[in-house]
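Observations on the model geometry
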Amino acid sequence: MSIYSDMMETLDIPHGADPLALPALTLAYLGDTVYDLYVRTVLAETLHAQVHTLHLAAAKCVCAKGQADAFRRIEPLLSEEELSAFRRGRNAHSGTVPKHADVRDYRVATGLEALLGYLYVKGADARIAELMRAALELFESSGKEVES
């Protein structure tokens, strides 16, 4: 049983639902939270640092550039179905781009978030964990400190 099953029922999003029924930006909205949770968890487990240091490290990972870099690490591992979910998010236009973000990085980051949201709604928790391990490999492999 998935750790998300009870939450999905409470939110009235059926676990294992068809994620294609949701708009790409809704998937990205969900995927942003999934990504953030994994980043914070990995940092807390590997850095063993003060909360402020953890926050600074997380900010570098969850920004558009950090997410685009993470996507580039996992891109070779993705199936055609997953790449399709990524492209849906990347090509969706939210109308705004953060002031300090490169537009290309921002679009790739939105695609990554949409992919994670797609997998989350689909109920593919093990696949999310596998991809996030690869995406965040630099922290898990050595407990490497992130520059402040």
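See above for the structure.
The following paragraphs examine the structure supplied in this document. Per-chain numbering applies: the sequence of each chain, read as written, is numbered from 1 onward. Residue-level local features of this predicted model are given only where pLDDT is at least 70; pairs of side-chain atoms are given and counted only at 80 or more, and the full residue set underlies all totals for whole chains, interfaces and linings. Note that the side-chain values use all heavy atoms of the structure and ignore hydrogens as well as water.

**Section: the pattern of salt bridges**
Worth spelling out the cut-off: Salt bridges are defined as contacts in which a side-chain nitrogen from Lys or Arg sits within 4 Å of a carboxyl oxygen from Asp or Glu. In DSSP terms, a helix is any run of H or I states spanning at least four residues, a strand is any run of E spanning at least two, and both are numbered starting from the N terminus. Relative accessibility decides the category of a residue: with a 1.4 Å probe and only protein chains considered, values under 20% of the type maximum give buried, values over 50% give exposed, and everything between is partly exposed.
For the coordinates displayed, the defined rule picks out 9 salt bridges. Here aspartate 105 makes a salt bridge to arginine 72, at a shortest N to O gap of 3.4 Å. Linking aspartate 105 in helix 6 (residues 103-122) with arginine 72 in helix 4 (residues 64-74), this pair joins segments that are 33 residues apart in sequence. Looking at aspartate 105, the relative accessible area reads 14%, which means it is buried. Where arginine 127 meets glutamate 82, a salt bridge forms, and the shortest distance between an N and an O atom there is 2.7 Å. Here arginine 127, found in helix 7 (residues 125-135), pairs with glutamate 82, found in helix 5 (residues 80-91); they are 45 residues apart in sequence, far enough to count as distant.

**So, the side chain of arginine 127**
This is how it is decided: Any two residues having at least one pair of non-hydrogen atoms within 4.5 Å are treated as being in contact.
Arginine 127 gets classed as buried once you look at its relative accessible area, which sits at 17%. If we ignore the near neighbours within four places in the chain, the residues touching arginine 127 are Leu77, Leu78, Ser79, Glu82 and Leu119.

**Description of the packing of aromatic side chains**
Where we set the bar: The aromatic pairing rule takes the rings of Phe, Tyr and Trp, using the six-membered ring of Trp, and pairs them if the centres are within 6.5 Å, calling planes under 30 degrees apart stacked, those over 60 edge-to-face and the rest tilted.
Counted under the stated rule, the structure contains 1 aromatic pair. Each ring, one from phenylalanine 71 and one from phenylalanine 86, has its centre 3.9 Å from the other, and the planes form 5°; the classification is stacked. Taken as a pair, phenylalanine 71 in helix 4 and phenylalanine 86 in helix 5 lie far apart in primary sequence, 15 residues in all.

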